[in-house]
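Each chain is listed here by its residues.
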Amino acid sequence: MDFQYIKVDPQAKKNIALIRLNRPKELNALNLQLMGEIRDALHTLDEDDRVRVIVIAGNERAFAAGADIKEMAGKDAIDMLKADQFSTWDQIRKTRKPLIAAVSGFALGGGCELAMTCDMIVASETARFGQPEIKIGVMPGAGGTQRLARAVGKVRAMEMVLTGKFITAEEALQYGLINRIVPVELYLREALRLAAEIAEMAPLAAQLAKESIRAAFNTGLDEGLRFERKNFYLLFASKDQKEGMQAFVEKRKAQFRGE
Ligand code: DAK
């Protein structure tokens, strides 16, 4: 997995893959190629049985400062339509394995949207989140209005999107946008630690639980509960269900194999 703008380690730790955005001079601005690389890497890692959890990180200064404004500036609506960026984002969103964003520094615009597309966010104390698109004459286009409103509520989302202001890691934690804040030198280690905790669980259960929680944001309660039940039943077809329950009875640690 050789890419220009990202670095991928499929086994950063046991059963954990790490994708690092790597356009440091541009604060990891998300150009079309970089987004395509993330999509392709996630697709490959999603198919790789050795990988159970995927962490996406930038560097200390920036997770990603948004879509590449210089690349977008001269485009018209038809250029945007033809580039079909939304299908790239849709494919990223469909990743079955748990995704953790490790955010330090700026997570702005598309960078904030990418972090919110992940299932959990571990942030360093220097993290700054924002949807500043309004300052450049547009608005969030990769789910920012929808995911932010769901994560932090209407009035906070309105203020962030309509003023473009950045919020601190502390505010993001208080708003429920992120899971936790750690010192900057520990943010990646903490994201990998959280990933390792999840990677010890039954992989199919983790994937179906992820799918079920995400369904909670797309369905009414009755439909969501039906969806959850079907996934719950489905797990009784897995060897890991037998192993997990047998291990409990035998008072030993379960050895899950993702089968
Ligand atoms: N695009 C391109 N280059 C960027 C960039 C960006 N978003 N952000 C930073 N850079 C570049 C700067 O131009 C600068 O490059 P040089 O001038 O050195 O060549 C370098 O990174 C360092 O940035 P600064 O010198 O500005 O650094 P500061 O510490 O002074 O400021 C900052 C950091 C993050 C506050 C500032 O750079 C900034 O305001 N950046 C722009 C943030 C922003 O507006 N982000 C939202 C972009 S719009 C879509 C999906 C998604 C989107 C759109 C469509 N589809 C699916 C269709 C998303 C849109 C967006 O994200």
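Since the model is a prediction, treat every value here as computed from it, not as a measurement.

## Things to note about the overall build of the protein
1) Next: The helix and strand inventory of the protein stands at twelve helices and ten strands.
2) Next: The globule rule puts the C-alpha radius of gyration for 259 residues at 18 Å, and the 19 Å found for the protein is close to it.
3) Next: Considered along the principal axes of its C-alpha atoms, the protein spans approximately 60 × 40 × 40 Å.
4) Next: When contacts within the protein are restricted to residue pairs at least 6 apart in sequence, those whose partners lie at least 24 apart make up 68%.
5) Next: For the protein, the exposed surface amounts to about 13,900 Å²; the carbon and sulfur share of it is 56%.
6) Next: Counting 38 positive and 35 negative side-chain charges, the protein places the centres of these two groups 3 Å from one another.

## What about the site of the ligand?
1) Next: The environment of the ligand is made up of 24 residues, and the closest members are Arg61, Ala65, Ala67, Ile69 and Gly110.
2) Next: Between the ligand and Lys25, the relevant distance is 3.4 Å, taken from an oxygen atom to a main-chain nitrogen or oxygen of the residue.
3) Next: Contact between the ligand and Gly110: an oxygen atom at 2.8 Å from a main-chain N or O atom of the residue.
4) Next: Its free accessible area being 1,100 Å², the ligand has 68% of it covered by the protein chains.
5) Next: Counting residues per element, the ones that place at least two in the shell around the ligand are helix H2 (69-72), helix H4 (85-93), strand S6 (106-108) and helix H5 (110-117).
6) Next: Of the residues in the shell around the ligand, the class split is 13 nonpolar, four polar and seven charged.

## What to know about the pattern of salt bridges
1) Next: What the rule picks out here adds up to 18 salt bridges.
2) Next: The residue Asp40 makes a salt bridge to Arg39 at a minimum N-O spacing of 3.0 Å.
3) Next: Given the relative accessible area of 24%, Arg39 is considered partly exposed.
4) Next: Here Asp90 ties to Arg93 by a salt bridge, and the two come within 3.5 Å at their closest N and O atoms.

Conventions we followed
Residues numbered from 1 in each chain as written. Predicted model: local features only at pLDDT ≥ 70, side-chain atom pairs only at ≥ 80, totals over all residues. Heavy atoms only, no water. Helix = DSSP H or I, 4+ residues; strand = E, 2+ residues; numbered from the N terminus. Rg over C-alpha atoms; globule rule 2.2 N^0.38 Å. Contact = heavy atoms within 4.5 Å. Areas by Shrake-Rupley, 256 points an atom, 1.4 Å probe, with all protein chains shown as cover. Lys, Arg positive; Asp, Glu negative; His and termini not counted. Charge placed at Lys NZ, Arg CZ, Asp CG, Glu CD. Near = heavy atom within 4 Å. Polar contact = N/O pair within 3.5 Å; in protein donor to acceptor, adjacent residues only side chain to side chain. Nonpolar A, V, L, I, M, F, W, Y, C, P; charged D, E, K, R; others polar. Salt bridge = Lys/Arg side-chain N within 4 Å of Asp/Glu carboxyl O. Buried < 20%, exposed > 50% of the residue type's maximum accessible area, 1.4 Å probe, protein only.

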